[in-house]
Amino acid sequence: MQLPTAFGEPPASGRLRASPEDFRVEEILGFEPDGMGAHAMLFVEKRGANTGWVASQLAKALRVAVRDVGWSGQKDRNAVTRQAFTLPWPVSAPLDGCLGHAGEGYRVLGASRHGRKLRPGSHRANRFEIRVRDLAGDATALASRLQRIVEQGVPDYFGPQRFGRAGSNLARAREWAAGGSAPRDRSQRGFALSAARSAVFNAVLAARVEQGTWNRLLPGEAVMLDGKRSFFRSDCIDAELSARCAAMDVHPSGPLWGRGEAPATGEARELEAGIVASETVLCALLEAQGLEHERHSLRLPVRSLSWSIVGDVLTLSFELPRGAFATSVLHEIVRDAWHDVD
């Protein structure tokens, strides 16, 4: 995946994920547990383990069905991450007994009662702290690039994790779309369809990056509201709308392909149609499987970005909305960051 950068060649090189502690993620729910209700909410730190594995281990330890364990977001495996899980109440141990409970790759940091099972996408954001070791590059150019990201955000690419190890999820989708057998496992079918959708979106976004329009509105744009999934179509981009876009209150959008009429028109629609025409087989698969056309922002605001350099170690701290990939930020800063993913 040779995806173009928005601001030119990244100004630095370095080593990512030398250890899990170099990539820390903290889930921001955006709400507090109720303190009562039909579920227990556990706050868990995991290291070198994926979210599904921890969910299965919690289910086993607390004697509930794994399908009844709730969580909001899949978090990186090669990292130290903190996130919430819910389990049906009552669990087999008192909540204070859950504190300090640990298993392979995880430990429970906190516990409370809560009224609802966590569902995917129910958190607000994620906070990242990332260290880049063996840093090399021009410090002035690096500081300039980081300040530009503060002001303009980055292209909101779906990261390589979405496509599976060595692109296996996307390869499976292409084989299926070309007439091969569908994956037998339901979750594998979901991963394949998600990879197909993401590949089409990334192709459209890459074209807009190369055109220089990933961060400005085109006539006929399906305009996304910042932090929302809703959009509105604008056939004419006036000064007020352009100012809102510059302030990152609204963003241009791209397709999450599926059934239904694409809402973009005019110049925006023409560009999308040219890219989609090269992926008609994947698009046909997505429509045949019943996915509905949705929109996704082309631009990713990077909130609360700060950085420090000590010796040859760059430390980055920033917040991204749920579903966004830190890889998209690193892609603009560190050469080959896209490929340095477990």
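Each chain carries its own residue numbering, running from 1 in the written order of its sequence. Restriction of local features to residues with pLDDT of at least 70 applies here, the model being predicted, together with a cutoff of 80 or more for giving and counting side-chain atom pairs; totals for whole chains, interfaces and linings are based on all residues. Heavy atoms throughout the structure, all of them, feed into the side-chain values; hydrogens and water do not.

Student: How should the overall build of the chain be read in this particular structure?
Tutor: Helix and strand labels come from DSSP, where a helix needs a run of H or I of at least four residues and a strand needs a run of E of at least two; each type is numbered from the N terminus. On a plain count of helices and strands, the chain comes out with nine helices and 17 strands. Put simply, the radius of gyration uses C-alpha atoms, and a globule should come to 2.2 Å times the residue count raised to 0.38. Relative to the 2.2 N^0.38 estimate, which gives 20 Å for 342 residues, the radius of gyration of the chain is 21 Å and therefore close to what a compact globule would have. Projected onto the principal axes, the alpha-carbon positions of the chain cover approximately 60 × 55 × 40 Å. Evaluated residue by residue, the chain yields a buried proportion of 47% over its 342 residues. Accessibility here uses a 1.4 Å probe with only protein chains present; expressed as a share of the type maximum, an area under 20% marks a residue as buried, one over 50% as exposed, and anything in between as partly exposed.

Student: Hey, could you run me through helix 4 (residues 168-177) in this one?
Tutor: A turn of α-helix holds 3.6 residues, and therefore any two residues three or four places apart point the same way. Turning to helix 4, its buried residues are Asn169, Leu170, Ala173 and Trp176. Buried positions in helix 4, seen along its axis, are confined to an arc of 125° and lie on one side of it. Note on contacts: a residue pair is in contact if any heavy atoms of the two residues lie within 4.5 Å. Residues of helix 4 that are buried in the fold lie against helix 5 (186-211) and helix 8 (280-288). Following helix 4 by one or two positions, Gly179 adopts a phi angle in the positive range, close to 110°. To be clear, the arc concerns the directions from the helix axis to the C-beta atoms.

Student: Just checking my understanding: could you explain the nonpolar core for this structure?
Tutor: Core analysis: the largest hydrophobic core is formed by 40 residues, its most contacted members being Phe318, Leu320 and Ile333. Going through the elements one at a time, strand 1 (12-16), strand 2 (23-28), strand 8 (125-137), helix 3 (139-152), helix 5, strand 17 (313-321) and helix 9 (326-330) are the ones with two or more residues in this core. With residues near it in sequence (within four places) discarded, Phe318 still touches Asn126, Arg127, Phe128, Ile130, Val302, Arg303, Ser304, Leu305, Ala326 and Val329. Only buried residues count toward a nonpolar core, which is a set of Ala, Val, Leu, Ile, Met, Phe, Trp, Tyr and Cys residues joined through side-chain atoms within 4.5 Å.

Student: Is there a simple way to think about the side chain of Arg17 in this case?
Tutor: Checked against the element boundaries, Arg17 lands in the loop between strand 1 and strand 2. A relative accessible area of 12% places Arg17 in the buried class. There is a polar contact of 3.1 Å between the side chain of Arg17 and the side chain of Asp76. Residues adjacent in sequence count toward polar contacts only when both atoms are side-chain atoms; beyond that, a polar contact is any pair of N or O atoms within 3.5 Å, and within protein one must be able to donate a hydrogen and the other to accept it.

Student: Hey, could you run me through the sheet that holds strand 11 (residues 231-234) in this one?
Tutor: Sheet strands pair via backbone hydrogen bonds, and the direction of the pair is either parallel or antiparallel. In short, DSSP must find at least two bridges between two strands for them to pair. Pairing is antiparallel in the open sheet, where three strands are placed in the order 11-10-12. In this open sheet, the two strands that pair with only one neighbour each are strand 11 and strand 12 (250-251). Across two bridges, strand 10 (residues 221-225) lies against strand 12 in antiparallel orientation. Each residue of the ladder has a partner; that of Met224, found in strand 12, is His251.

Student: Can you help me understand the side chain of His251 in this one?
Tutor: The topology assignment puts His251 in strand 12. Side-chain polar atoms of His251 contact the side chain of Arg299, separated by 2.9 Å. Residues in contact with His251, not counting those within four places in the same chain, are Leu217, Ala222, Val223, Met224, Asp226, Ser297, Arg299 and Pro301.

Student: Would you mind going over the packing of helix 5 against helix 7 (residues 266-276) with me for this structure?
Tutor: If you want to describe how two helices pack, look at the angle between their axes and the distance between the axes. Helix 7 packs onto helix 5 with a crossing angle of 125° between their chain directions and a minimal axis gap of 9 Å. Taken together, the axes of helix 5 and helix 7 are oblique relative to one another. Considering how the two elements wind past one another, helix 5 and helix 7 form a crossing that is right-handed. Within the contact between the two elements, helix 5 uses Val200, Ala203, Val204, Ala207, Arg208 and Gln211 and helix 7 uses Leu271, Glu272, Ile275 and Val276. Residue classes in the contact of helix 5 with helix 7 are distributed as seven nonpolar, one polar and two charged. A fitted line through C-alpha atoms serves as each axis, taken over the contacting stretch for helices, and the angle formed by two N-to-C directions is quoted from 0 to 180°. An angle below 35 degrees is treated as roughly parallel, one above 145 as roughly antiparallel, one from 65 to 115 as roughly perpendicular, and anything else as oblique. Crossings are assigned a handedness: left-handed for a near helix turned anticlockwise from the far helix by less than a right angle, right-handed for a clockwise turn. Each residue receives one of three labels: charged for Asp, Glu, Lys and Arg, nonpolar for Ala, Val, Leu, Ile, Met, Phe, Trp, Tyr, Cys and Pro, and polar for the others, Gly being one of them.

Don't take any of this as a statement about function, it's just geometry.
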